[in-house]
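What follows is the residue order along each chain.
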Amino acid sequence: MKYALIGCGRIAVNHVKAVVNNKLEFIAACDLVPENIDILFDKTNYADRDKVERYTDYKTMVDEHPELELVAIATSSGDHAKIALYCIDHGINVIIEKPMAMSMADAEEIIKRSEAKGVKVSACHQNRFNIAVQQMRKALEAGRFGKLSHGSIHVRWNRNKDYYDQAPWRGTWAEDGGCLMNQCIHGIDLLRWMMGNEVDSVYGVTRQQQHPYLEAEDIGMAVVTFKNGAVATIEGTTNVYPKNLEETLYLFGENGTVKLGGKSTNNIDVWDFADETDADQKNKGLEEATSNVYGNGHTSLYADVMDAIKNNRKPYVDAVAGRNALEMILSIYKSVKTGQPVKLPLEDFASVDMIGEFNNG
Ligand SMILES: NC(=O)c1ccc[n+]([C@@H]2O[C@H](COP(=O)([O-])OP(=O)(O)OC[C@H]3O[C@@H](n4cnc5c(N)ncnc54)[C@H](O)[C@@H]3O)[C@@H](O)[C@H]2O)c1
């Protein structure tokens, strides 16, 4: 399957690993800074780099390669939607790094135009493929939790000035958003997906406590009510001293309690069910080794998308999933802006609507 990558920065390393593991035919790479392509190939020891054509303009790359079947977009977040729409309009399937877009209008447009074109879109929420997350999902789908009572996600990470200084787009409303939009969106995606997707309302509070050089928040809290009666809390931050502490997801039902822990929901800390059998023993204390908080999921997500293209089915993490995760963050933002709970569906809101919320933007 002929493949290209747009945006060759930090997370692109995981994409190249997924390309190698899934034996994609990597024919083109694009970055505004051409040296970044070589740096990426050096970092990943990519063997077939001579077969990859290099571009600085994604439109030229797409126009010159009508044979492309799959493109991954890993640029700064503010460019995701416009690049995705260009690929979709050219009939190319896309994997879009999170967040899929920065406004509800762009997210809806991606869904609409990809459906009209028959193009597959996957939002890169790779943690859905974590072994621990898959086990929780299986138990949920089997009805083992019974009626859900509540859940919570806690993303307690550290991002210091060195991290934010790596690129000027970080922490800006137009190109990134704050900790909720960037670091916490995976956990928030998992919470919503597990708790029934049908959200009734979101009430949020954010602050900028330790990163005054950013435009956006470095801590966010929210209370979420679901149409099925369950309730949830969200806590996400990049303010934890001195390093990443945890990304923890709790799910409480009348017949089951599960706590996923580790740095990025990659472990099972608690696994208790009323209908426990011997098979449950393997889940108690399960730990999936990962080299960083981005986990191992990119390879599985790529494999799923390739299979979805071949078999003309929806990807496991599709554009609607990307929209739903984005809707949660933008609903928190809107709630902060209005001081009121926000009823879903969120008609239209964009991260740039938050400009001026803190002193710097
Ligand atoms: N899935 C995950 O777990 C995960 C982890 C980290 C980052 N991300 C997401 O991936 C994206 C990139 O993050 P990063 O940390 O790799 O950033 P980065 O700044 O390290 O890399 C971005 C790269 O994209 C290039 N670029 C920007 N605009 C471009 C354009 N229009 N055309 C071509 N190239 C362009 C930049 O020159 C840079 O090399 C962000 O959206 C981020 O939220 C996802």
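Bear in mind the structure is a predicted one, so any value in this text is a computation, not a measurement.

1. Considerations on a negative patch on the surface
On the surface, Glu53, Asp57, Asp63, Glu64, Glu67 and Glu69 cluster together into a patch of negative charge. Take Glu53: its relative accessible area is 38%, and that puts it in the partly exposed class.

2. A closer look at the sheet that holds strand β4 (residues 70–73)
As a general point, the strands of a sheet are linked pairwise by backbone hydrogen bonds and lie either parallel or antiparallel. Read from one edge to the other, the open sheet built from 6 strands follows the order β3-β2-β1-β4-β5-β6, with strand pairing classed as parallel. Taken across any chain shown, the strands that pair with only one partner, and hence form the sheet edges, are β3 (53–55) and β6 (121–124). Going across the sheet, the axis of each strand differs from the next one's by a mean of 20 degrees, ignoring polarity. Relative to strand β2 (residues 25–30), strand β1 (residues 2–6) is paired through 5 bridges, and the arrangement is parallel. Of the residues in β2, the one forming a bridge with Ala4 is Ala28. In the packing of helix α1 (residues 12–21) onto the sheet, the strands contacted are β1, β2, β4, β5 (93–97) and β6, and the crossing angle to β1 comes to about 170 degrees. Lying on the sheet, helix α2 (residues 35–44) is in contact with β1, β2 and β3; it crosses β3 at an angle near 135 degrees.

3. As for the pattern of salt bridges
Going through the model one piece at a time under the given rule, you end up with 24 salt bridges. A salt bridge links Arg49 to Asp42, with the nearest nitrogen and oxygen atoms 2.8 Å apart. Note on Asp42: relative accessible area 47%, which makes it partly exposed. One network of salt bridges, with partners in common, ties together Asp89, Glu109, Lys112 and Arg113.

4. Quick notes on the site of the ligand
In the vicinity of the ligand, 28 residues are found, and the nearest of them are Asp31, Asn36, Ser77, Glu97 and Gln126. Ser77 places a side-chain nitrogen or oxygen 2.8 Å from an oxygen atom of the ligand. Lys98 places a polar side-chain atom, nitrogen or oxygen, 2.9 Å from an oxygen atom of the ligand. Starting from 850 Å² of accessible surface for the ligand in isolation, the protein chains cover 92%. If you map the ligand onto the pockets, it falls in the largest pocket. Along the lines of polarity and charge, the residues of the shell around the ligand split into 12 nonpolar, 10 polar and 6 charged. Viewed by domain, the shell around the ligand spans two of them, domain 1 (2–126 + 298–317) and domain 2 (128–291 + 324–354), each represented by three or more residues.

5. Quick notes on the domain arrangement of the chain
Examined at the domain level, the chain breaks down into domain 1 (2–126 + 298–317) and domain 2 (128–291 + 324–354). For domain 1 versus domain 2, the distance between C-alpha centres works out to 25 Å. The interface is formed by 21 residues belonging to domain 1 together with 30 residues belonging to domain 2. Buried surface at the junction of domain 1 and domain 2, summed over both partners, amounts to about 2000 Å²; 59% is from carbon and sulfur atoms. If you look at where domain 1 meets domain 2, you find 0 salt bridges. Inspection of the domain 1/domain 2 interface yields 13 residue pairs in polar contact (both at pLDDT 80 or more). At the level of secondary structure, the elements contributing two or more residues to the side of domain 1 that touches domain 2 comprise α5 (104–117) and α9 (297–310).

Reading the values: rules and limits
- Each residue is numbered by its place in its chain's sequence as written, counting from 1.
- For a predicted model such as this one, the threshold for reporting local features is a pLDDT of at least 70, and the threshold for listing and counting side-chain atom pairs is 80 or more; totals across whole chains, interfaces and linings nevertheless cover every residue.
- Hydrogens are left out, water is left out, and the side-chain values use all remaining heavy atoms of the structure.
- Patches here are clusters of residues that have more than 30% relative accessible area and form no salt bridge, with a 9 Å joining cutoff for like charges and a 5 Å cutoff for nonpolar side chains (Val, Leu, Ile, Met, Phe, Trp, Tyr).
- Using the Shrake-Rupley algorithm and a 1.4 Å probe, accessible areas are obtained, with residue cover drawn only from the displayed protein chains.
- Here, a salt bridge means any side-chain nitrogen of Lys or Arg that lies within 4 Å of a carboxyl oxygen of Asp or Glu.
- Under the convention used here, Asp and Glu are negative, Lys and Arg are positive, and both His and the chain ends fall outside the count.
- Every charge is mapped to an atom, namely NZ of Lys, CZ of Arg, CG of Asp or CD of Glu.
- The cut-offs for exposure are 20% and 50% of the maximum accessible area for each residue type, with area from a 1.4 Å probe on protein chains only; residues under the lower value are buried, those over the upper are exposed, and the others partly exposed.
- When DSSP finds at least two bridges between two strands, those strands are taken to pair.
- Helix and strand assignments come from DSSP, with helices taken as H or I runs of at least 4 residues and strands as E runs of at least 2, each series counted from the N terminus.
- A fitted line through C-alpha atoms represents every axis, and for helices the fit uses only the stretch in contact; the resulting angles, taken between N-to-C directions, go from 0 to 180 degrees.
- Contacts were defined at the residue level, with two residues in contact if any of their heavy atoms lie within 4.5 Å.
- Here a residue is near a molecule or strand as soon as one of its heavy atoms is found within 4 Å of it.
- Polar contact is defined as a pair of N or O atoms within 3.5 Å, subject to the rule that within protein one atom must be able to donate a hydrogen and the other to accept it, and that residues adjacent in sequence are counted only when both atoms are side-chain atoms.
- A 1.4 Å probe that fits but cannot get out identifies a cavity on a 1 Å grid over protein atoms alone, an open set with protein on both sides within 12 Å along at least five of seven lines counts as a pocket, and a residue lines either if it has an atom within 4 Å of a point.
- Think of it this way: if more than half of a molecule's atoms are within 2 Å of a pocket's grid points, that molecule is in the pocket or cavity.
- All residues other than Ala, Val, Leu, Ile, Met, Phe, Trp, Tyr, Cys, Pro, Asp, Glu, Lys and Arg, Gly among them, are scored as polar; the first ten of these are nonpolar and the last four charged.
- Each domain span listed reflects an automatic or database assignment of domains.
- What counts as buried area is the accessible surface, traced by a 1.4 Å probe, that two parts surrender upon association, with contributions from both included.

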